[in-house]
Amino acid sequence: MGSTSIWQADTAFQDFPKLQESKKTEVCIVGAGLTGITAAYLLSKQGMKVILLEADHVLSGVTGHTSAKITAQHGLIYSELIETIGKEKARKYYQAMQETMEFIKNEITENHIDCNFEEQDAFLYTDDASYLSQLEKEFEAYKSLNIPGELSSEMPLQIPSKQALKMPRQAQFHPLKYLQFMLDEAIKNGTEVYEQTVAMKLEYNRQKAVITKDDHRVSCDYLIAATHFPYIDHQGLYFAKMYADQSYIVSGKWSGEYPGGMYINVENPTRSIRTATLNNKDVYLLVGGENHRSGENMDEKLCYDNLKVFAKEQFELTDISYQWSAQDFTTLDKMPYIGPITDDDPSIFVATGYRKWGMTNGTLAAKIISDTILEKEENPYKDLFSPARFASKPMLKNLFNFNMEVATELLKGKLSFPSSKEIEELELDEAAITTIKGARVGLYKDKEENVYALDTTCTHLGCEVNWNSADKTWDCPCHGSRYHYNGDVMAGPAKEPLRKVSLDD
Ligand code: FES
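Residues numbered from 1 in each chain as written. Predicted model: local features only at pLDDT ≥ 70, side-chain atom pairs only at ≥ 80, totals over all residues. Heavy atoms only, no water.

1. So, the overall build of the protein
Okay, step 1: A count of helices and strands for the protein gives 10 helices and 24 strands.
Okay, step 2: Taken over C-alpha atoms, the radius of gyration comes to 22 Å for the protein, in line with the 23 Å a tight globule of 505 residues would show.
Okay, step 3: A sequence separation of at least 24 residues applies to 69% of the contacts in the protein between residues at least 6 apart.
Okay, step 4: A total of about 21400 Å² of accessible surface is found on the protein, and carbon and sulfur atoms cover 48% of it.
Okay, step 5: Side chains of the protein carry 53 positive and 74 negative charges; the gap between the two charge centres is 3 Å. (Helix = DSSP H or I, 4+ residues; strand = E, 2+ residues; numbered from the N terminus. Rg over C-alpha atoms; globule rule 2.2 N^0.38 Å. Contact = heavy atoms within 4.5 Å. Areas by Shrake-Rupley, 256 points an atom, 1.4 Å probe, with all protein chains shown as cover. Lys, Arg positive; Asp, Glu negative; His and termini not counted. Charge placed at Lys NZ, Arg CZ, Asp CG, Glu CD.)

2. Notes on the state of the cysteines
Simply put, the disulfide is a covalent bond whose two ends are the sulfur atoms of two cysteines.
Okay, step 1: All told, the structure shown has one disulfide when counted by the stated rule.
Okay, step 2: Here Cys 463 is linked by a disulfide to Cys 478, with a sulfur-sulfur distance of 1.9 Å. Torsion about the S-S bond of the Cys 463 and Cys 478 cystine: about -85°, corresponding to left-handed handedness. Taken together, the residues span a long stretch of sequence, with Cys 463 in the loop between strand S20 (451-455) and strand S21 (466-468) and Cys 478 in the loop between strand S22 (473-475) and strand S23 (482-484) at a distance of 15 residues. The pair Cys 463 / Cys 478 is uniform in exposure class, with both members buried.
Okay, step 3: We note that Cys 220 lacks a disulfide partner, and the nearest cysteine sulfur, in Cys 28, lies 5.1 Å from it. (Disulfide = S-S within 2.5 Å. Buried < 20%, exposed > 50% of the residue type's maximum accessible area, 1.4 Å probe, protein only.)

3. A look at the packing of helix H2 (residues 34-45) against helix H8 (residues 358-373)
For any two helices packed against each other, the geometry is given by the interaxial angle and the distance between the axes.
Okay, step 1: Direction vectors running N to C along H2 and H8 enclose 35°, while the axes themselves pass 8 Å from each other. Between H2 and H8 lies a crossing whose hand is right-handed. Contacts from Leu 34, Thr 35, Thr 38, Ala 39, Leu 42 and Leu 43 of H2 reach H8 at Gly 358, Met 359, Gly 362, Thr 363, Ala 365, Ala 366, Lys 367, Ser 370 and Ile 373.
Okay, step 2: Its residues placed into classes, the contact of H2 with H8 shows eight nonpolar, six polar and one charged. (Axes fitted to C-alpha atoms, helices over the stretch in contact; angles between N-to-C directions. Left-handed = near helix turned anticlockwise from the far one by under 90°. Nonpolar A, V, L, I, M, F, W, Y, C, P; charged D, E, K, R; others polar.)

4. A short note on the environment of Ala 431
Okay, step 1: You can see Ala 431 is positioned in strand S18 (residues 430-436).
Okay, step 2: C-alpha separation for the pair Ala 431 and Leu 223, spaced 208 residues apart in sequence, amounts to 39 Å.
Okay, step 3: Aside from chain neighbours lying at most four places away, what touches Ala 431 is Leu 426, Leu 443, Tyr 444, Trp 467 and Trp 474.

5. Focus: empty space enclosed by the protein
Okay, step 1: Within this structure, the stated rule accounts for one cavity of 30 Å³ or more.
Okay, step 2: Taken as a whole, the largest cavity spans an internal volume of roughly 40 Å³.
Okay, step 3: Around the largest cavity sit Thr 66, Ser 67, Ala 68, Lys 69, Lys 356, Trp 357, Gly 358 and Met 359, which together line it.
Okay, step 4: A class-by-class count of the residues in the lining of the largest cavity yields three nonpolar, three polar and two charged. (1 Å grid on protein atoms, 1.4 Å probe; cavity = no way out; pocket = protein on both sides within 12 Å on 5 of 7 lines; lining within 4 Å. Points joined across faces, edges and corners; volume = space filled by probe spheres on them.)

6. Observations concerning the pattern of salt bridges
Okay, step 1: In the structure shown here, the tally under the stated rule is 25 salt bridges.
Okay, step 2: Here Asp 333 and Arg 389 are joined by a salt bridge, their closest N and O atoms 2.7 Å apart. One end of the pair, Asp 333, is in the loop between strand S15 (322-331) and strand S16 (337-342); the other, Arg 389, is in the loop between helix H9 (382-385) and helix H10 (393-415), and 56 residues separate them in sequence. Judged on exposure class, the residue Asp 333 and its partner Arg 389 are both buried.
Okay, step 3: Taking the shortest distance from any N to any O, the salt bridge between Arg 499 and Asp 455 comes out at 3.2 Å. (Salt bridge = Lys/Arg side-chain N within 4 Å of Asp/Glu carboxyl O.)

7. Considering unusual backbone geometry
Okay, step 1: Here the amide bond leading from Asn 268 into Pro 269 is cis, since omega sits at -5°, within 30 degrees of zero.
Okay, step 2: Mapped onto the fold, Pro 269 is located in the loop between strand S12 (262-265) and strand S13 (271-278).
Okay, step 3: With a phi close to 55°, Arg 169 is a non-glycine residue in the positive phi region.
Okay, step 4: In the Ramachandran plot, Arg 355 falls in the positive-phi region, its phi being about 55° despite a non-glycine side chain.
Okay, step 5: For Arg 355, the location among the structural elements is in the loop between strand S17 (345-352) and H8.
Okay, step 6: Looking at Arg 355, the relative accessible area reads 15%, which means it is buried.

The values reported here are purely geometric and, on their own, carry no functional implication.
What follows is the structure, given as structure tokens:
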């Protein structure tokens, strides 16, 4: 994950202990992000015994690095969904998002959560004439699905744009302040939270049990894998059914006139814009984008620089005090996988593939899964988002394409030996890939002159990792695993660290 986000800098969470013994509970949730915390809140409110495990710190992952738009406008999705899954299901997708937004709003209102919640119109815009027809098609989809919207050649924000599609009355907030409330309530209701506790596998005896890296067991009736990428696969082949994308945000205090609205363009490079008020007085402008497939051999610093140039040119924003990145997964049909991990076991749940729309998709996941566990009246959206949903033709085509790309990466990585550099030539805070005894080795020299040498073979399925110069991580282009420069796993599907290479002799 990238550097500290504006939300993390503004919110201090208490530290939670590491799990030091084996435990028993009704629900074990792995992953303390928005989905995990919301599920803990909903389940514990109904009297269920919950244990929440987090490999790092609470909300240190994707939720802490979001742009925090609460919207049903998920890019050019509705015209595509009508084509791939049909009008009825596309409408249901919208309803699910709409109801999720209402849920968030009601929680905030009823509980007086001070989280800078603001209603805002959302805009999809383009300044590229070749995308006009796609925006028009999306607007037609809105009309056929009865989604409120307006297509116009103008939008409130004065940046270059040829056309914009407005979805009125969406929202934005401070995600960590909102989740602070949910977490506090879950704890009041008896939820136990453990940090620095890495879930490694799942075991079955009489009861299923999550086994941690330190070999403690959390026996449970239900397991929710809310870890961004499911920490167990259970033959669900999730790594083959999603790809990972990296995106970036820069932000700084801003005194310009902002006309309101949350904006995102439809062409490349992506540009996403919103404001956020911190300390109830300082207005920050957030400019995001530069999305690319994770682990691509990109210059990540350049991604930040491009956003800074855009922020300066369009808004005269020069004082950038925060920059951060996030990784997210896209599924075969662009809808999240929410529900039982496989048909065989209805008590193990996954929630993943939010495609950068984690505020709505993550909350929806927590709702669907907790409704299922609580055996509430059947959640109307359970089947639509089920990971076992029918694989349509476009999904199968994407499955083939995703895995062809993985195969290409695998081969490319084995055949290429880029930028060979000797250890002595490395500058401080620099990385390079070299060969040692015929093997591809990733080197990084930190600011204290310590050199880390790692076998660049990803421990998931063997692709070659690439250096991410902005985040100082080794990223895998195949399924998005990320490793610290010392080799430790920061994000799965990999579970084992990169192999250390000895530099002696
Ligand atoms: Fe699958 Fe690296 S994440 S091979």
